[in-house]
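The primary structure of each chain is shown beneath.
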Amino acid sequence: MTPLQSLRAEWTKFRTVRGWMVGTVAAALMIVLFALLTGASSDQKGAPPVPVGPGGEPVTDSFYFVHRPLAGNGSVSVSVSALDSRVPEGPGVVPWAKAGLIIKQSTRQGSPYAAVMVTGGHGVRMQDGFVHDTAGPRGPVRRLRLDRAGDTVTGYASADGSTWTKVGTARVRGLGATAQIGLFVASPPVVDGGGTAGSVSTAVFEDLRGHGTGDWTGEQVGAESPSFAGYPDNTSGSYTGTDARLTVTGAGDIAPAVGDSLPTGGHLRDILTGTFAALIAVIVVGALFVTAEYRHRMIRLTLAASPGRGRMLVAKAVVLWVVTFAAGLAGTAVAAPLGERLARDHGVYMFPVSSSTELRVALGTAALLATASVLALAVGAILRNSAAAVTAVIAAIVLPYALIAVPFMPAGVSKGVATVTPGAAFAVQQTLVPYDQVASNYTPYYGYYPLAPWAGLAVLAGYAVVSLVLAAVLLNRRDA
Amino acid sequence: MSPLQTANAPGIVVAGLRKRYRAAPALDGMSFTVRPGVVTGFLGPNGAGKSTTMRVILGLDAVEEGSALINGRPYRRLRRPLTHVGALLDASALHPGRSGRGHLLWLAHSQGLDARRVDQVIEQVGLATAARRKAGGYSLGMRQRLGIAAALLGDPPIVMLDEPFNGMDPDGIIWLRGFLRSLATQGRAVLVSSHLMSEMQDTADHLVVAGHGRAIADAAMADLIAAASRDRVVLRTTAGADATSVLIRAGATVAATGRDTVTVSGLPANRIVALLNAGAVPFSEVSAHRATLEDVYLELTREAVEFHAATPGAPR
Amino acid sequence: MRLALHAEWTKIRTVAGPLWLLLGTVAATVAFGAVATSVVTDPGDPTKVALVGADVGQAPVAVLAVLLIGGEYGSGTVRTTLTAVPRRAVVLTAKAVTLSGLVAVAGTAAVLGSLVAGRFNLPDPASLADGPTLRASAGTVLYLVLIALLGLGVATAVRDSATGIGIVLALLYIVPIVSQTIGDPHWQHLLQHIAPMTAGLAVQSTTDPPMNPWAGLAVTAGWAAAALLTGGLLLHARDA
C-alpha cells in the first residue's frame, strides 16, 4: 500500500461507519447550538453603553474630576502630598490608585485625554489614550506639571518644585480649542483572591497653580458605566478645600477595560462554549476509530492489508485530524458570526476582535478539536479499550477545562493547569489583551491564558504526538 | 403430529418464523423440530438464517410471526432457562478480564447452581488447568470448550451449539464428536450448526438445511444421503466425450465430475455397460454412486446459494 | 430476581475494574475535598467545600455504571446474560440494585472521608450532628447513586461504553461550564435547575441553597429515571 492508498482506505473506513460521521457532524452542530443558546440567552438591552476609547477598544473612564475650562495652550502644576487608599475588608494598598493632573476634551466618557499622576505602587506615570503608559522618574516626587501646546501634552515631575524632569509627551488629537483641565483621583478595584474588591482613594493636593478660567467643578465622570463597579458602601467621591490645599476622594479608573472590569462584556470564547461538548464528541469518535478495530478483531485484517503498522496509525491520525478539523472549522465559521450577532441584538457589548484574531480563533478551535481527537486515537491505540481511552482523554482535557472554570481557583493553580495539561490548548480562544497598567485577574477563568495561542495548542499537539509515537511503538511490539 | 402434540413435544419446535431486517427477509417461514436422543445438524449458507433462528429460539431476537418453543414453552417464560436449554452462540463473548471459572460462576448463580457444579463442567470439558486464568488469554479452542461448559452447566435436556468445531484442534474435534454423540445417547436433544460437512456427516443423525430463511430440508441423514445417491452411477473412462454422447443418445443425464469420471443418471448400471460395449467406448469402472453430505448440501442449496439470480421479494 | 442479583454480584466481584473504580471514587472525592478545604480562605459553607470532591468523584461512578452494561455489549456477553435471565426488566433491575448498593457504600465512605478531611483543614468544620450537614452528606451519597443509575440507563440505551461515557460526562459537566457564559440570569438559573449535576448538588448547600435541596435531587432522580426507562424500553424492544 502506498501512503495515499492507506489514507484512502482509512477515509473509507471512517465514512462508512454512520455513528462516526454522526458524531463528527454532531460536534460541529454542538458548537453552533451553544453559540445560539449563548447569544439568545443574553439580555442587556437598556444597559448603559460601554465607553470606547480612541482605538475602538472598551475602556474604563470613571474617576473623580475637579476641572475648569482651559482655552488654547496652557499649563497647570500641583503638589501631591498624600495618597491614601481604602479597601473594605481587603488589602490596604491599591497599587494603581491614581492622583494627579489631567487634560481632557470633555467629561464625556472615552473622550481624549492626557494625564500625569502619582500612583499607589507604581511611582509617577504619564498616560494617554487609555492604553499608553510611561513610567516617570524614580525617587521622591513632590510636584507634577502638565503643559498643553496644541495637540502636544507634556507631563513633568519634580522633587523640589524647581528642577523638572519630563515624564512623557503625548500627541492627543481632538482635545479641542477649549479642554477641561484639573485634578483627578481614580482608584480601581484590587485583586482579592480570585475576584476583585472595590476601593476608594483620597489625595491631598497642595499649591495648585496654572492656567484656566472660572471656578473648579468637581464631578464623578462615568458614574453609570458597565466598566465601573461604583464606590464601596458608605463612600462617595468629593472634593474640599481651596487651591492651596484640596482634598479629593475618588474611585474608578482611566484605563482599558479587561475581563473582570467589564464583566458584562461578551467574548468570542463565550460564544464558542460549545467547544466543550464538541470535544467530548470528537474524543469518543477518535477513540472508537481505532479501538473498534481491536474489538471486532478487524485490526488483523487492517494490518494484513497494510503491514506497515506505524503507517496505518499515521494514516488514521491524518484522516481523523482532517475530518475533525473540517467539521470544527465549519461549526466555528457558522457559530461565531451567528452567536456574536445574536448577542449584539440582545444588547450585549462584545469585546472587539480583529478579523485576523477571529480567523485565528476559528482555525485554532478547529485544530484544538482535531488534535484532541487524534490524542484520543493514540490513547485508544495504546489502551486498546475505547471506554478507558475516552475516560482518560476526557479527564486530561475536559477536567482542566472544568478546573479553570472555577472562579475561586487560586491563580497559580489555574495558570499551572492551563500551562502543562492538554487543556492549555484553549489559549487559542483567547481574544482579550492583558495590560500592565491594569491590575486584574489575568486567569483562564476571565479569558486570559498563560501561554500564547499557538503555544497552548502546541502543548496539546505535543501530548498527541508523544502518544502517537508510543502507540506506534507498542503497535509494532505487540501482537495484533 | 397433531398441533396439540407439537405444543407439548419435548425438544425444540420451530414453526413458521418470519423476520425482516429492514426490507430483506431474514427468516421466511422457518420450521423444524429438534427431538430428544438425536443430534440434529443445522446446515446452510451464510445468511440463510441459522444464527438468527438460534437467537430467536433463545428469546434474544423477536419475530414478526411464528413461534419457537422449548418443551412446549417460549424461552422467555422459562424459569432457570439454562436447566432447560444450554446454548453456545459466540464463544468469544467473554469479559477478557474475568477468569473462565468466574464466567461459569456467575452463570451458575443466575440459575441457582453452586460452585461445585461449575467445577464439574470444567472437568467435563477438560479446561481444569486454564479455568482460573483470565479468559482474555484463551485460544479459540479453549473458548469453545468454555462455551460448551456453559451450555452444560444446567444439565439441560436440550443443547444448542453454533459452530462448535470452529477453532478446535484435531484432538478437540474428535473429542467434541464423541461428546455430542454421548449427549444424544443420554437422551438429550442436540442442535449443532456447522459448515464442516464431514464433521456433520459423522455426527448428526438428522439434518435441517436452511436456505432463504426457510428449512429447505428436514430429514434423517440416512434418508437424505440415500435420496441424493439414488440411481446414479459413476463411470470411470478415458473417453469421456464418446461415453457422454452414447449415453445421452440413450436418454441419460451425464455430468463430468472428475478428470476421468462422469456421473450418469437415468440409466441403470447394467444398461450403461451394455451401451458402452456396443459403442466400443473403453471404460475401467462402473459403480453405484454413494453421495456425501456435501453432495446433498450442494444439491439442496443450489437454488439457495444462487440468491443473486432471484428477485428479492418475488413470489416463491 | 434473587438469582439475577446473585449473578450480577458474582459478575462484579470476578473482575478487577469495579473495585478500582469504586476506590477511585473514594480517593478522588476525599483528595479533591481535602485540597479544596486546605486552599480555600473563607469557607462560607464548610460542608459544601468539604464535599466538593463529589464533583470529581462522580466521574468514576459514571464510568463504572456505563461499563456495567456497556462492557457486556462490547464483549458480547450481554447475549449470555439474556440467555441466562431472559426477562430483560429483571436483568436491568438486578444491575441497578447491585450498582446502587455498591455506589452507596463507596459514596458513604467518600463522604465520611471528606468530612474528616474537612475537620482537619477547616477552622470551623461541619459536624454530622447538624441537620443541614447530615442532609448534605446523605444527599451526596444519594446523588452519586442517582448518577450511577443515569449512567446505567444511558449505556443501556446506546449499547456502547465509549459513547455512553461521553454522553454521561457531557450531561454532567456541560451545564456547570456553559452556564458561566450564559449572560441572562433567568436562563442561567433555568439551566442550573434542570441539569443533573447542578440541580442535584444543590443538596450540598447548608447555608444558602440555590434551590430546594430535595427538589434539586429530584431533578437528578428524574434524569436517572428517564434514562433507565429509555434504556429499559429499548432493551425490551430491541433484538439482543
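Residues numbered from 1 in each chain as written. Chains lettered and ligands numbered in written order. Predicted model: local features only at pLDDT ≥ 70, side-chain atom pairs only at ≥ 80, totals over all residues. Heavy atoms only, no water.

Remarks on the overall build of chain C
Then, number 1: For chain C, the helix and strand inventory stands at eleven helices and zero strands.
Then, number 2: Starting at the N terminus and walking to the C terminus, you meet the elements of chain C as α-α-α-α-α-α-α-α-α-α-α.
Then, number 3: Against the 2.2 N^0.38 benchmark of 18 Å for 240 residues, chain C shows a C-alpha radius of gyration of 18 Å, consistent with a compact globule.
Then, number 4: Overall, chain C is about 55 × 40 × 25 Å in size when its C-alpha atoms are taken along their principal axes.
Then, number 5: Considering only residue pairs separated by 6 or more positions, chain C has 75% of its internal contacts joining residues 24 or more positions apart.
Then, number 6: Split by element, the accessible area of chain C, about 8900 Å² in all, is 70% carbon and sulfur. (Helix = DSSP H or I, 4+ residues; strand = E, 2+ residues; numbered from the N terminus. Rg over C-alpha atoms; globule rule 2.2 N^0.38 Å. Contact = heavy atoms within 4.5 Å. Areas by Shrake-Rupley, 256 points an atom, 1.4 Å probe, with all protein chains shown as cover.)

Things to note about the nonpolar core
Then, number 1: Of all hydrophobic cores here, the largest spans 217 residues; its most connected members are A:Ile397, B:Ile148 and C:Leu172.
Then, number 2: At 16 residues, the largest contribution of residues to this core is made by helix 4 (residues 275-295) of chain A.
Then, number 3: In this structure, A:Ile397 is in contact with A:Leu279, A:Ile283, A:Ala372, A:Leu375, A:Pro422, A:Gly423, A:Phe426 and A:Leu460, ignoring residues within four places of it in sequence.
Then, number 4: Counting 32 residues, the second largest nonpolar core, distinct from the first, contains A:Val80, A:Leu144, A:Val153 and A:Ala157. (Core = buried A, V, L, I, M, F, W, Y, C linked by side-chain atoms within 4.5 Å. Buried < 20%, exposed > 50% of the residue type's maximum accessible area, 1.4 Å probe, protein only.)

Overview of the sheet that holds strand 5 (residues 73-74) of chain B
Two strands in a sheet stick together by hydrogen bonds in their backbones, pointing the same way (parallel) or opposite ways (antiparallel).
All names here are of chain B.
Then, number 1: In spatial order, the strands read 2-1-4-5; together these four strands make up an open sheet with antiparallel pairing. With partners counted over all chains shown, the strands left at the sheet margins are strand 2 (24-34) and strand 5, one partner each.
Then, number 2: Sheet strands in contact with helix 2 (residues 50-57) are strand 1 (12-21), strand 2 and strand 4 (65-70), and its direction is about 115° off that of strand 1. (Pairing = 2+ DSSP bridges. Axes fitted to C-alpha atoms, helices over the stretch in contact; angles between N-to-C directions.)

Regarding the domain arrangement of chain B
Then, number 1: Domains assigned within chain B are domain 1 (3-217) and domain 2 (230-293).
Then, number 2: Its C-alpha centre places domain 1 of chain B at a distance of 43 Å from the equivalent point of domain 2 of chain B. (Domains from an automatic or database assignment.)

Regarding the environment of A:Gln109
Residue and element names in this part refer to chain A.
Then, number 1: Here Gln-109 lies in the loop between strand 3 (98-104) and strand 4 (113-119).
Then, number 2: The spacing of Gln-109 and Ile-254 is 145 residues in sequence and 9.6 Å in space, taken between C-alpha atoms.
Then, number 3: Ignoring anything within four residues of it in the chain, the contact list for Gln-109 reads Pro-51, Asp-61, Ser-62, Val-221, Gly-222, Glu-224 and Ser-225.

Looking at empty space enclosed by the protein
Then, number 1: Counted by the stated rule, this structure contains one cavity of 30 Å³ or more.
Then, number 2: The volume enclosed by the largest cavity comes to roughly 40 Å³.
Then, number 3: Lining the largest cavity are B:Trp106, B:Ser110, C:Ala4, C:Ala7, C:Glu8, C:Lys11, C:Thr81, C:Val85 and C:Val91.
Then, number 4: Every element with two or more residues in the lining of the largest cavity is listed here: helix 3 (100-110) of chain B together with helix 1 (2-13) of chain C.
Then, number 5: The leading source of residues in the lining of the largest cavity is helix 1 of chain C, at four residues.
Then, number 6: Looking at the lining of the largest cavity, its residues break down into five nonpolar, two polar and two charged. (1 Å grid on protein atoms, 1.4 Å probe; cavity = no way out; pocket = protein on both sides within 12 Å on 5 of 7 lines; lining within 4 Å. Points joined across faces, edges and corners; volume = space filled by probe spheres on them. Nonpolar A, V, L, I, M, F, W, Y, C, P; charged D, E, K, R; others polar.)

Here we look at the pairing of strand 9 (residues 165-171) of chain A
Then, number 1: Note: strand 8 (residues 152-158) of chain A against strand 9 of chain A, six bridges, orientation antiparallel. When the sheet's bridge partners are listed, A:Ala157 is paired in strand 9 of chain A with A:Thr165.

Considerations on the interface of chain B and chain C
Then, number 1: If you look at the interface, chain B gives 31 residues, while chain C gives 25 residues.
Then, number 2: Carbon and sulfur atoms supply 61% of the area buried between chain B and chain C, which totals about 2300 Å² over both sides.
Then, number 3: Broken down residue by residue, the surface that chain B buries against chain C is led by B:Leu60, B:Arg76 and B:Trp106, which jointly contribute 30%.
Then, number 4: The tally of links between chain B and chain C comes to one salt bridge.
Then, number 5: Ionic pairing is found between B:Lys19 and C:Asp239, a salt bridge with its closest N-O pair at 2.5 Å.
Then, number 6: At the junction of chain B and chain C, the tally comes to ten residue pairs in polar contact (both at pLDDT 80 or more).
Then, number 7: For the side of chain B that touches chain C, the element with the most residues is helix 3 of chain B, which contributes seven residues. (Buried area = accessible area lost by both parts, 1.4 Å probe. Salt bridge = Lys/Arg side-chain N within 4 Å of Asp/Glu carboxyl O. Polar contact = N/O pair within 3.5 Å; in protein donor to acceptor, adjacent residues only side chain to side chain.)

Topic: the confidence of the model for chain B
Residue and element names in this part refer to chain B.
Then, number 1: Confidence in the prediction for chain B averages 84 pLDDT; 92% of positions are at 70 or higher.
Then, number 2: Under a pLDDT of 50 for its full length, residues 1-7 has, in the predicted model, five contacts with residues more than four places off or in other chains.
Then, number 3: Scored below 50 in pLDDT, residues 305-316 makes five contacts in the model with residues more than four places away or belonging to other chains. (pLDDT = per-residue confidence, 0-100.)

Focus: the packing of helix 1 of chain C against helix 6 (residues 88-121) of chain C
All names here are of chain C.
Then, number 1: Two elements in contact, helix 1 and helix 6, have axes whose closest approach is 9 Å; the angle formed by their N-to-C orientations is 55°. Regarding the angle of helix 1 to helix 6, the classification is oblique. The two elements helix 1 and helix 6 cross, and the hand of that crossing is right-handed. Contact residues: helix 1 offers Ala-4, Leu-5, Glu-8, Trp-9, Lys-11 and Ile-12, while helix 6 offers Val-90, Ala-94, Lys-95, Val-97, Thr-98 and Leu-102.
Then, number 2: In terms of residue class, the contact of helix 1 with helix 6 is made up of eight nonpolar, one polar and three charged. (Parallel < 35°, antiparallel > 145°, perpendicular 65-115°, else oblique. Left-handed = near helix turned anticlockwise from the far one by under 90°.)

A look at the environment of A:Met30
All names here are of chain A.
Then, number 1: In this structure, Met-30 sits in helix 2 (residues 18-41).
Then, number 2: Using a relative accessible area of 29% as the deciding quantity, one classes Met-30 as partly exposed.
Then, number 3: Considering only alpha carbons, one finds Met-30 and Asn-73, 43 residues apart in sequence, at a separation of 59 Å.
Then, number 4: Once residues within four sequence positions are removed from consideration, Met-30 is found in contact with Gly-274, Ala-277 and Ala-278.

Observations regarding the confidence of the model for chain C
Then, number 1: Averaged over chain C, the pLDDT score is 88; the fraction of residues at 70 or greater is 96%.
Then, number 2: The ipTM, which scores confidence in the relative placement of chains, is 0.86 for this predicted complex, and the corresponding pTM is 0.83.

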